[in-house]
Amino acid sequence: MTTHPQIPPQDTDGPGPWWREAVLYQIYPRSFADSNGDGIGDLRGIISRLDHLRDGTPSSLGVDALWLSPFYPSPQADFGYDISDYQDVDPVYGTLADFDELVVEAHRRGLRVVVDLVMNHTSTEHPWFTESRSSRANPKRNWYIWADPAPDGGPPNNWLSAFEKCGPAWTLDPATGQYYLHSFTPGQPDLNWREPAVREAMRKVWRFWLDRGVDGFRADVAHRLLKDERLRDNPPELAPARRHVSVPGMRQRQLDLPEVHDVLRELREVLDSYPGLDGSLAEGRFVLGEVPISDDSRLADYFGGEGMHTVFHIAFWEQPWEGAAFRRTVDGLLAAMRPGSWPTYALATHDISRTVSRFGGWGPARAAAVIMLTLPGTPCVYYGEEIGMADAPPPAGLERDVDGRDGQRTPMQWDASGKGFGTGTPWLAPGPDAGRANVEAQRDDSESMLGLYRRLIRYRGGSAALRRGGYRSLDSSGDSYVYLRQAAGELLLVAVNFRHVPAQVEITGVDLPAAGRIELSTHAGRAGATVPLGPLALGPLEAVVVRLADGVPTDPGATAAPSKGPAA
Ligand code: GLC
């Protein structure tokens, strides 16, 4: 019997590819560290703060790779996700030389560098689009998606921009009398991936960054690259939907088309031809997809095969703070995944409200960190999550983002004064929680949020069970989420109490030992204690990692009745 019907353990004799073993860290360059006092973060600022991420000592966070949100030249209509030159650095963030230095400095510390690949659209200011819009006969006309107005002069079909404020996904270009498609802001025209010259041009972009030494890509909205060739209306049920494939068995006609996978396979082929940091193809480069669709069975097509290596799972972004919801979403994904697939988890991103704000404070955020860092999959920590930053939306009238995401993009809180970010007036004001949620205040406190993240990342690094072992969720009483992780000689139980009051958690349907040793807890003074497991006493919002067995290759499946099948 396997440890989990959906995810058998990886080979526990040796490590998997680096990106499976890694903890990722997302940097939003605009908001991480500002080296020149203009109020906007930049690449040199990032270089100056790399030691926070990994300096080889237990006092740094200890992550393994950075994912940098876009730093390319951009009019910033969508803060860098509108690119006007794929092969340069926006002067506000620095120069290509700064980027090269960042890669060298990161690699020197053992940190991989992953850059954002925004392939669905460019900026309207990209020279490709300037040419394309110049006339219907321009050779680059077909690089974008142009269509005649509907008979009433309106947009060619009923597709909507993903951003509510932007309305329809079409804007009329009066000069040539046609509409162009933009799945996001009107400043982000969608490329036409059916045009071979676009594919060729983008292959050059991939190679440009791979040649510069990046270790991988995060593929922005990878499911959107191709659209219905005939530009047919979405069916009425889906017409109001902006993002998701929201009706079972039905998909929006401008996203999640089967042809998308051809592009992703091409990308994969290029990636696979590049050796990794150690010079071998086996340790090569990787691509992590952003595929925000809520149907796990569709998501499963995007990774683990010939396409992308891994994708973000959106589960944690949409669910309530409930043990059953966490269990259902994790088990649902694992059940849907192809054998050998590997998910990536993030609690927050530049698009998603921060954990402290979404789940209601530091208590849930601490427990959520334990979950993310003990699940099978690659965890990705969004900057500032490790110090418990909350969303800090600007006051009305001072919003910068078109889609209400400023709150989760405020400057990294290095200290209470804000000067640690930079000396200028920051582009967004730091949060009112800066007095407590800052690196300086937490650095020397092992029980702080930062201390917890450091401990978790270090513990994960030393545990084959957590990094690549089997997973099986267990039935448990109350509002809790309990699971086993196992590798040869290592059997761990992770248990989380989702309530603000203490809980006696009964774990059923499995034959557990009478007691285990707490290795790590969100709560001070608990690590090292041997605790009875029937029931397991947990404090309010406590999450624990309990060692059940050392040295014995116990298969949780072998001692347990089969778990309930994961919910669909
Ligand atoms: C992705 C990015 C988001 C951006 C959008 C358009 O969802 O994460 O920030 O607005 O794509 O590029």
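These numbers come from a predicted model, not from an experiment.

## What to know about unusual backbone geometry
Each neighbour pair has its own omega, and for Gly534 with Pro535 the value is -5 degrees, a cis peptide bond. One can find Pro535 in the loop between strand S18 (530–532) and strand S19 (536–538).

## Some remarks on the pairing of strand S14 (residues 490–497)
Counted residue by residue, S14 has eight buried out of eight residues, so it is predominantly covered. The side-chain alternation of S14 yields two buried faces, one formed by Glu490, Leu492, Val494 and Val496 and the other by Leu491, Leu493, Ala495 and Asn497. In this structure, strand S13 (residues 480–487) lies alongside S14, joined through eight bridges in antiparallel fashion. Each bridged residue has a counterpart across the sheet, and for Val482 the counterpart in S14 is Ala495. Hairpin geometry of S13 and S14 is characterised by an intervening segment of two residues between the two adjacent antiparallel strands and by a positive phi of about 75 degrees at Gly489.

## Observations regarding empty space enclosed by the protein
Empty space among the atoms becomes visible once a probe the size of a water molecule is rolled across them. The final tally for this structure, using the stated rule, is one cavity of 30 Å³ or more. Here the largest cavity is characterised by a volume of approximately 40 Å³. Lining the largest cavity, in full, are Pro411, Met412, Gln413, Asp415, Gly418, Phe421, Pro426 and Pro430. For the lining of the largest cavity, the class distribution of residues is five nonpolar, two polar and one charged.

## Points about the domain arrangement of the protein chain
If you check the domain split of the protein chain, you get domain 1 (16–121 + 196–460) and domain 2 (127–181). For domain 1 and domain 2, the distance between their C-alpha centroids amounts to 30 Å. Taken together, the contact pairs 25 residues of domain 1 with 18 residues of domain 2. Taken together, the two surfaces of domain 1 and domain 2 that pack against each other cover about 1800 Å², and 63% of this comes from carbon and sulfur. When residues of domain 1 are sorted by the area they lose upon contact with domain 2, Leu231, Arg242 and Val402 head the list and together hold 36% of the total. Linking domain 1 to domain 2 there are zero salt bridges. Where domain 1 touches domain 2, the interface holds six residue pairs in polar contact (both at pLDDT 80 or more).

## Considering helix H7 (residues 260–272)
Two residues of an α-helix separated by three or four positions point the same way, owing to the 3.6 residues in each turn. For H7, spanning 13 residues, the distance from its first C-alpha to its last is 19 Å, which sits close to the expected 18 Å at 1.5 Å a residue. When H7 is considered as a whole, its buried residues turn out to be Val260, His261, Val263, Leu264, Glu266, Leu267, Arg268, Val270 and Leu271. On its buried face, H7 sits against strand S3 (112–117), helix H6 (196–211), strand S7 (216–219) and strand S8 (286–289).

## Some words on the packing of aromatic side chains
Per the stated rule, a full pass over the model turns up 32 aromatic pairs. Plain terms: the ring middles of Phe32 and Tyr383 are 6.3 Å apart, the flat faces sit at 90 degrees to each other, and that makes the pair edge-to-face. Placement of the pair is Phe32 in the loop between strand S1 (24–27) and helix H2 (43–48) and Tyr383 in the loop between strand S11 (378–382) and helix H13 (439–442), with a sequence separation of 351 residues. Note on Phe32: relative accessible area 0%, which makes it buried. Taking the centre distance of 5.2 Å and the plane angle of 55 degrees together, the rings of Phe326 and Phe498 count as tilted. Taken as a pair, Phe326 in helix H10 (residues 323–336) and Phe498 in the loop between S14 and strand S15 (503–505) lie far apart in primary sequence, 172 residues in all. Just as Phe326 is buried, Phe498 falls in that class too.

## Focus: the site of the ligand
In the neighbourhood of the ligand, 14 residues make up the surrounding shell, with Asp78, Asp220, Glu290, His350 and Asp351 lying closest. Contact between the ligand and Arg218: an oxygen atom at 2.9 Å from a side-chain N or O atom of the residue. Between an oxygen atom of the ligand and a side-chain N or O atom of Glu290, the distance comes to 2.8 Å. Protein coverage of the free-state accessible area of the ligand, which is 300 Å², stands at 97%. Structurally, the ligand is housed in the largest pocket.

What counts and how
Residues numbered from 1 in each chain as written. Predicted model: local features only at pLDDT ≥ 70, side-chain atom pairs only at ≥ 80, totals over all residues. Heavy atoms only, no water. Helix = DSSP H or I, 4+ residues; strand = E, 2+ residues; numbered from the N terminus. Buried < 20%, exposed > 50% of the residue type's maximum accessible area, 1.4 Å probe, protein only. Pairing = 2+ DSSP bridges. 1 Å grid on protein atoms, 1.4 Å probe; cavity = no way out; pocket = protein on both sides within 12 Å on 5 of 7 lines; lining within 4 Å. Points joined across faces, edges and corners; volume = space filled by probe spheres on them. Nonpolar A, V, L, I, M, F, W, Y, C, P; charged D, E, K, R; others polar. Domains from an automatic or database assignment. Contact = heavy atoms within 4.5 Å. Buried area = accessible area lost by both parts, 1.4 Å probe. Salt bridge = Lys/Arg side-chain N within 4 Å of Asp/Glu carboxyl O. Polar contact = N/O pair within 3.5 Å; in protein donor to acceptor, adjacent residues only side chain to side chain. Expected span 1.5 Å × (residues − 1). Phe/Tyr/Trp six-rings, centres within 6.5 Å; stacked < 30°, edge-to-face > 60°. Near = heavy atom within 4 Å. Areas by Shrake-Rupley, 256 points an atom, 1.4 Å probe, with all protein chains shown as cover. Sits in = over half its atoms within 2 Å of the grid points.

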